[in-house]
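# Geometric and topological summary
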Amino acid sequence: MRTTEEQHNERKHEMMEKCFECYAENGLTGTGIKALAAACGCTTGNLMLEQNTNLLL
């Protein structure tokens, strides 16, 4: 059974992968926080809470 921390880290990794895919598809200037959140299947607020947005933006 996975711990909550392991689940959190796995979800964070999945979200990072989706964000990188979104950047690769749209470019840095064509990707905003709304597009990243949509790619991750979450709200912009959730994305900011889950990720260190300094790494993403």
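Refer to the structure above for everything that follows.
What comes next is a walk through the structure. (Residues numbered from 1 in each chain as written. Predicted model: local features only at pLDDT ≥ 70, side-chain atom pairs only at ≥ 80, totals over all residues. Heavy atoms only, no water.)

## A closer look at helix H2 (residues 33-40)
Note: α-helices contain 3.6 residues per turn, so residues at a spacing of three or four share the same orientation. When we look at burial in H2, the residues that qualify are Leu36, Ala37 and Cys40. With its buried residues spanning 95° around the axis, H2 presents them on a single face. More than 90 degrees from the buried face of H2, the exposed residues found are Lys34 and Ala38. Positioned one or two residues after H2, Gly41 has a phi angle of 75°, which is positive. (Buried < 20%, exposed > 50% of the residue type's maximum accessible area, 1.4 Å probe, protein only. Helix = DSSP H or I, 4+ residues; strand = E, 2+ residues; numbered from the N terminus. Arc of directions from axis to C-beta.)

## Points about the state of the cysteines
Defined simply, a disulfide is a covalent bond joining two cysteines at their sulfur atoms. Scanning the entire structure with this criterion turns up zero disulfides. In this model Cys40 remains outside any disulfide bridge; the closest cysteine sulfur is found in Cys19, 3.7 Å from its own. Cys40 provides the cysteine sulfur closest to Cys42, a residue in no disulfide bond, and the two sulfurs are 5.0 Å apart. Residue classification places Cys42 among the buried residues on the basis of a relative accessible area of 15%. (Disulfide = S-S within 2.5 Å.)

## Quick look at the nonpolar core
Counting nine residues, the largest nonpolar core consists of Met15, Cys19, Cys22, Tyr23, Leu36, Ala37, Cys40, Cys42 and Leu47. Those elements giving two or more residues to this core turn out to be helix H1 (4-26) and H2. Broken down by element, the residue count for this core peaks at four residues, all from H1. (Core = buried A, V, L, I, M, F, W, Y, C linked by side-chain atoms within 4.5 Å.)

## With respect to the packing of H1 against H2
One can describe the packing of H1 onto H2 by two numbers: an axis separation of 9 Å at closest approach and a directional angle of 125°. The angle between H1 and H2 places the two elements in the oblique class. Crossing hand, H1 versus H2: right-handed. Touching Arg11, Met15, Lys18, Cys19, Cys22 and Tyr23 of H1 are Ala35, Leu36, Ala39 and Cys40, all from H2. (Axes fitted to C-alpha atoms, helices over the stretch in contact; angles between N-to-C directions. Parallel < 35°, antiparallel > 145°, perpendicular 65-115°, else oblique. Left-handed = near helix turned anticlockwise from the far one by under 90°. Contact = heavy atoms within 4.5 Å.)

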